[in-house]
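Spelled out, the chains give:
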Amino acid sequence: MLKIPEFEKIYGRPPRWIVAAPGRVNIIGEHTDYNGGFVLPMAIERYAVMAADLSQVSAPRIFIHDSHVGDTAQIDISKPVVKGNPRWSNYVRGVIAGFLDRGVKIPPLDVSLVSTVPLGGGLSSSAALEVSAATLLEAVTGTKIDPVEKALLCQEAEHEFAGVPCGIMDQFVSVMGQKNHLLLLDCRSRQTELVPMNDPSVALLVINTNVKHELSGGEYAHRRAQCETATKILGVPSLRDATAAELECARSKMDLPVFRRARHVIGEIERTLDAAAGIRNANGRSVGQLMYASHYSLRDDYEVSCEALDAVVEISQSIGIEGGVYGCRMTGGGFGGSCVALVRTDAADAITVKMAAGYKTKTGIEAAIFSSRPAAGATVIKG
Ligand code: GLA
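Residues numbered from 1 in each chain as written. Predicted model: local features only at pLDDT ≥ 70, side-chain atom pairs only at ≥ 80, totals over all residues. Heavy atoms only, no water.

A. Layout of the overall build of the protein. If you tally the helices and strands in the protein, you get eleven helices and 13 strands. Here the C-alpha radius of gyration of the protein, 21 Å, is about what a compact globule of 383 residues would show, namely 21 Å. Put simply, 73% of the contacts in the protein that link residues at least 6 apart link residues at least 24 apart. Surface accessibility of the protein: about 15,300 Å² in total, with carbon and sulfur atoms responsible for 51%. Taken as two groups, the 39 positive and 42 negative side-chain charges of the protein have centres that lie 2 Å from each other. (Helix = DSSP H or I, 4+ residues; strand = E, 2+ residues; numbered from the N terminus. Rg over C-alpha atoms; globule rule 2.2 N^0.38 Å. Contact = heavy atoms within 4.5 Å. Areas by Shrake-Rupley, 256 points an atom, 1.4 Å probe, with all protein chains shown as cover. Lys, Arg positive; Asp, Glu negative; His and termini not counted. Charge placed at Lys NZ, Arg CZ, Asp CG, Glu CD.)

In structure tokens, the structure reads:
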């Protein structure tokens, strides 16, 4: 689902550039990226799209019209870019600041934006916006940035301008995703491996609980700090370097919550590598079991799930493998947002109907459910 922003309607002339960057869904490997572990996300067919042209006024500013929310932002580029309003503009401001810091000269621009990545759905609408802005600035200025540096620049924007100390997963997959592939990312070495996922008999469903997920609430930073405490006690550079046995030996030296956070991360890193092997071997059952195990660990040890996410997983279990669901788990940071389910393609429609009805009954909320093939990362559509 790619919507082209209505540039001409707003500015009265066609755009010179059009770029798109996708949101993502993480199949497995949650809260492992900032612990030097592995993640296995894919880009989804939902995009933040920007259309632009050089401004016709000489004032040094970037004007952005967001046709989705009907809102506008004006960013002054004659001096160091600072945080401002509206809030969503901070993701773009952060990226502009990253380009200016690297000595890239940016001309005044008129931009129009539309995103089909649901906001607060835990599907990285913010990373899509950052990567879209970075892709636009690359096209406009003719500056090609190395993909790893581009993803890191966007992550920095999120840290500095949105105040979320996120890891590298979302921006990496929005930049580097490939059609019909999952991205196995080693977050310590930053090396990536494309894992083909083109078996037509399995599909992925994204179930957006419509309970908004909000990462700047402090819980995310708190989990990160607890992981750091565990690494200090264990005397390792990151939780990637610790084994379950070593953690068990150190159990008495740490608070129970810290121990449980570390137990999740260490187990999740192993599950992620096992799941990548399961995808390579087209073993839906084994991947599905790993997804359920991941969810329970996030719910019980990492404590980042919520009633709505748990309800989706319970319904998946009750539909079961007989009904075509291999596995299901919460995806992304947690506290709301979406679940991802691995299902049999021929049962996907029936599962969607059962899931929507079961979720409404359990929670009183309408879920938004869609299927997506692994999509390509950021692209220049025009220009
Ligand atoms: C958010 C962050 C990511 C990652 C996930 C949890 O999406 O932006 O870097 O930490 O949470 O896996």
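B. Region of the structure containing the site of the ligand. In the vicinity of the ligand, twelve residues are found, and the nearest of them are Glu 30, His 31, Asp 33, Asp 170 and Tyr 220. The contact in question runs from an oxygen atom of the ligand to an N or O atom on the side chain of Asp 33, over 2.5 Å. Here an oxygen atom of the ligand and a backbone polar atom of Gly 167 are 2.8 Å apart. Here the ligand loses 98% of its free accessible area of 310 Å² to cover by the protein chains. Grouping the constituent residues of the shell around the ligand by class yields five nonpolar, three polar and four charged. (Near = heavy atom within 4 Å. Polar contact = N/O pair within 3.5 Å; in protein donor to acceptor, adjacent residues only side chain to side chain. Nonpolar A, V, L, I, M, F, W, Y, C, P; charged D, E, K, R; others polar.)

C. Representation of helix 8 (residues 256-280). Along its 25 residues, helix 8 runs 36 Å from first to last C-alpha, staying within 8% of the 36 Å computed at 1.5 Å per residue. Remark: Ala 282 follows helix 8 within two positions and exhibits a positive phi of approximately 50°. (Expected span 1.5 Å × (residues − 1).)

D. Region of interest: the sheet that holds strand 1 (residues 17-26). The strand order 5-4-6-3-1-13 describes an open sheet built from six strands, whose pairing is mixed. The two strands at the open ends of the sheet, each matched to only one other strand, are strand 5 (71-76) and strand 13 (379-382). Strand-to-strand twist across the sheet, computed as the mean angle between neighbouring axes with direction ignored, equals 25°. The pairing of strand 1 with strand 13 spans three bridges and is classified as antiparallel. Paired with Val 19 across the two strands is Val 380, which belongs to strand 13. Contacts between helix 3 (residues 125-141) and the sheet are confined to strand 1, strand 3 (41-54), strand 6 (109-115) and strand 13, with strand 1 contributing the most and set at about 150° to the helix. (Pairing = 2+ DSSP bridges. Axes fitted to C-alpha atoms, helices over the stretch in contact; angles between N-to-C directions.)

E. Structural view of the pattern of salt bridges. Within this structure, the stated rule accounts for 26 salt bridges. Across the pair Arg 329 and Glu 30 runs a salt bridge whose closest N-O atoms are separated by 2.7 Å. Within this pair, whereas Arg 329 is found in strand 10 (residues 325-331), its partner Glu 30 is found in the loop between strand 1 and strand 2 (38-39), the two being separated by 299 residues in sequence. For Arg 329, a relative accessible area of 0% translates into the label buried. For Arg 223, the salt bridge goes to Glu 219, with nearest N and O atoms at 2.8 Å. One end of the pair is Arg 223 and the other is Glu 219, both in helix 6 (residues 219-234) and four residues apart, which spans about a single turn. Residue classification places Glu 219 among the partly exposed residues on the basis of a relative accessible area of 36%. (Salt bridge = Lys/Arg side-chain N within 4 Å of Asp/Glu carboxyl O. Buried < 20%, exposed > 50% of the residue type's maximum accessible area, 1.4 Å probe, protein only.)

F. Spatial organisation of the environment of Glu 156. On the secondary structure map, Glu 156 appears in helix 4 (residues 147-162). For the pair Glu 156 and Ala 97, spaced 59 residues apart in sequence, the C-alpha separation works out to 9.9 Å. Beyond its immediate stretch of four places on either side in the chain, Glu 156 contacts Arg 102 and Phe 161.

G. Spatial organisation of the sheet that holds strand 9 (residues 202-208). Sheet architecture is open: four strands sit in the order 10-11-9-12, paired in antiparallel fashion. Single-partner strands in this sheet number two, and they are strand 10 and strand 12 (368-371). For this sheet, the mean angle separating the axes of adjacent strands, direction not counted, is 20°. In this structure, strand 10 lies alongside strand 11 (residues 338-344), joined through six bridges in antiparallel fashion. From the neighbouring strand, Gly 327 faces strand 11, where its bridge partner is Leu 342. Together, strand 10 and strand 11 form the strand contacts of helix 9 (residues 284-300), whose direction differs from that of strand 10 by roughly 30°. Docked against the sheet, helix 11 (residues 348-363) engages strand 9, strand 10, strand 11 and strand 12, running at close to 20° with respect to strand 9.

H. Structural context of a nonpolar patch on the surface. Together, Leu 2, Ile 4 and Ile 381 line one region of the surface with nonpolar side chains, adding up to about 250 Å² of accessible area. With respect to the helices, strands and loops of the structure, Leu 2 is situated in the segment before helix 1 (7-11). With relative accessibility at 42%, the residue Leu 2 sits in the partly exposed group. (Patch = residues over 30% accessible without salt bridge, like charges linked within 9 Å, V, L, I, M, F, W, Y side chains within 5 Å.)

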